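So the chains spell out like this:
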Amino acid sequence: MIRTPQAASPQGNRIDLQSVMESVVRITEQRSRENLEHCLVTTLLELTSLHRVAISRPLMRPDGLHVETVAVAELGKGLVNSNEVTPLDQDHLVAQAWALGEEARMAGADGLVRLCLPISGQGEEVSAFLSIETSTNPDTVLDLVRGFAAIYRNFLAILREAERDTLTGLKNRKTFDEKIGRIIAQSQTLAQIVPVERRQHEDGEQHWLGMLDIDHFKRVNDTFGHVFGDEVLLLFSALMRKVFRSDDLLFRFGGEEFVVVLAPTSALHAQQAFERFRTAVEGFAFPQVGRVTVSIGFVAIKHGDIASAVIGQADEALYWAKRNGRNQVCLYEDLVRAGHLKAPTEEGEMELF
């Protein structure tokens with residue numbers, strides 16, 4: 001339950017219940033996490049005299065813990081662009097809130113008071129942080145901020161359920177369709193910030209999309225039944241979580257087909273990542289079923305790509321692997337260079353009549 005706060009708005013008027021309820025309605029109309037977070041920070045800024053409102057997420061990387069800022073609104077500016085990734089040891093307030101799992105506050109030399117509220121998801125793990133900065137006493141708006149933090153927490157749980165495959169818990173096909181455009185946009189940004197000389201002379205880092213298909217899965221269902229078939233899918237997805245990095249995106253595409261989008265890395269490391277997973281599957285003893293293998297086709301996500309073309313290329317590499325022995329990893333670009341697959345045409349990478 002949200003208590004109506006007795007806080008002053010920028011115009012000096014008290015926030016009334018109607019304003020709060022209209023804001024709640026607006027927030028709960030959102031159907032994506034990005035829109036939800038943008039709406040939340042701008043709404044809190046509109047309802048209060050806060051200087052800044054931000055949402056960030058914990059991020060695990062090979063070089064340590066980081067904090068990724070995903071939504072920011074500032075007084076007088078509204079929503080501002082921010083995609084900062086900061087090492088945790090450089091943000092002491094968030095580090096404190098993350099470590100203790102409770103609110104933390106700090107007064108800055110600029111006269112602003114900063115308050116950080118950890119947002120706990122399933123299993124009480126911290127999944128996000130809501131941070132505010134104010135030049136006045138934050139206690140006057142704390143009930144409001146806590147209330148909206150609770151709405152955000154609950155709505156994240158709803159969105160998470162909607163974007164997950166019910167059997168494996170991986171992200172579903174609908175979520176993939178929503179995210180692939182953003183992933184391609186990130187690849188375009190990466191292409192712009194990496195110097196051309198480096199891309200030409202080094203094996204530069206980029207996103208990679210892999211299509212994974214369990215070999216002879218129909219035979220598993222026909223021989224052992226759908227119960228054991230489902231168990232194979234569950235254990236297969238568990239191996240995916242174990243082998244791939246935390247910032248790689250894992251999807252169940254449908255049936256026995258899965259998709260992995262690797263965070264920016266080199267071609268060599270992408271090949272090694274998919275090979276590690278293929279080996280892990282081959283070496284795993286699936287109860288009752290025994291040995292199971294996987295075929296994988298993957299492709300680079302490049303500047304200017306079209307989503308359907310990227311998926312189609314990975315799919316071509318996958319089915320070449322399945323037609324030529326299965327239980328192997330094939331890179332689309334290598335198959336094109338070797339003449340096994342036809343290179344796409346220039347115009348939208350689609351064949352024209």
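Look a little higher up for the structure.
Calculation rules
Residues numbered from 1 in each chain as written. Predicted model: local features only at pLDDT ≥ 70, side-chain atom pairs only at ≥ 80, totals over all residues. Heavy atoms only, no water. Helix = DSSP H or I, 4+ residues; strand = E, 2+ residues; numbered from the N terminus. Contact = heavy atoms within 4.5 Å. Areas by Shrake-Rupley, 256 points an atom, 1.4 Å probe, with all protein chains shown as cover. Pairing = 2+ DSSP bridges. Axes fitted to C-alpha atoms, helices over the stretch in contact; angles between N-to-C directions. Buried < 20%, exposed > 50% of the residue type's maximum accessible area, 1.4 Å probe, protein only. Parallel < 35°, antiparallel > 145°, perpendicular 65-115°, else oblique. Nonpolar A, V, L, I, M, F, W, Y, C, P; charged D, E, K, R; others polar.

Examining the overall build of the protein
When helices and strands are counted, the protein shows 11 helices and 12 strands. Look at the contacts in the protein between residues 6 or more apart in sequence, and 58% of them connect residues 24 or more apart. Approximately 18300 Å² of the protein is accessible, and the part contributed by carbon and sulfur atoms is 51%.

Things to note about the pairing of strand β1 (residues 52-61)
Residues in a regular strand point their side chains to alternate faces of the sheet. Where β1 meets strand β2 (residues 64-74), 10 bridges bridge the pair, whose relative direction is antiparallel. In the sheet register, L59 faces β2, and the bridge partner there is H66. Sheet topology places β1 next to strand β7 (residues 126-134); five bridges connect them, and they run antiparallel. Bridge pairing links R52 to E133 in β7.

With respect to the sheet that holds strand β9 (residues 249-254)
As summarised here, the arrangement of the five strands in space is β9-β10-β8-β11-β12, forming an open sheet in which the pairing is mixed. Lying at the two open borders of the sheet, with one neighbouring strand each, are β9 and β12 (329-331). Adjacent strand axes in the sheet meet at a mean angle of 20 degrees, parallel and antiparallel pairs treated alike. Here strand β11 (residues 294-300) runs beside β12; their pairing, made up of three bridges, is parallel.

Concerning the environment of R164
Within the fold, R164 resides in the loop between α4 (142-162) and α5 (173-193). Assessed through its relative accessible area of 22%, R164 is described here as partly exposed. Note: C-alpha distance between R164 and K174 (10 residues apart in sequence) is 8.9 Å. When sequence neighbours within four positions are dropped, the list of residues in contact with R164 reads G169, L170, K171 and N172.

Side note on the packing of helix α2 (residues 33-47) against α4
Pairs of packed helices are described in terms of their axes, by the angle between the two and the distance that separates them. Packing of α2 against α4 brings their axes to within 11 Å, and their N-to-C directions diverge by 170 degrees. It follows that α2 is roughly antiparallel to α4 by the angle criterion. Residue-level contacts link R33, L36, E37, L40, T43, L44 and L47 of α2 to L144, V145, F148, Y152, F155, L156 and L159 of α4. In terms of residue class, the contact of α2 with α4 is made up of 11 nonpolar, one polar and two charged.

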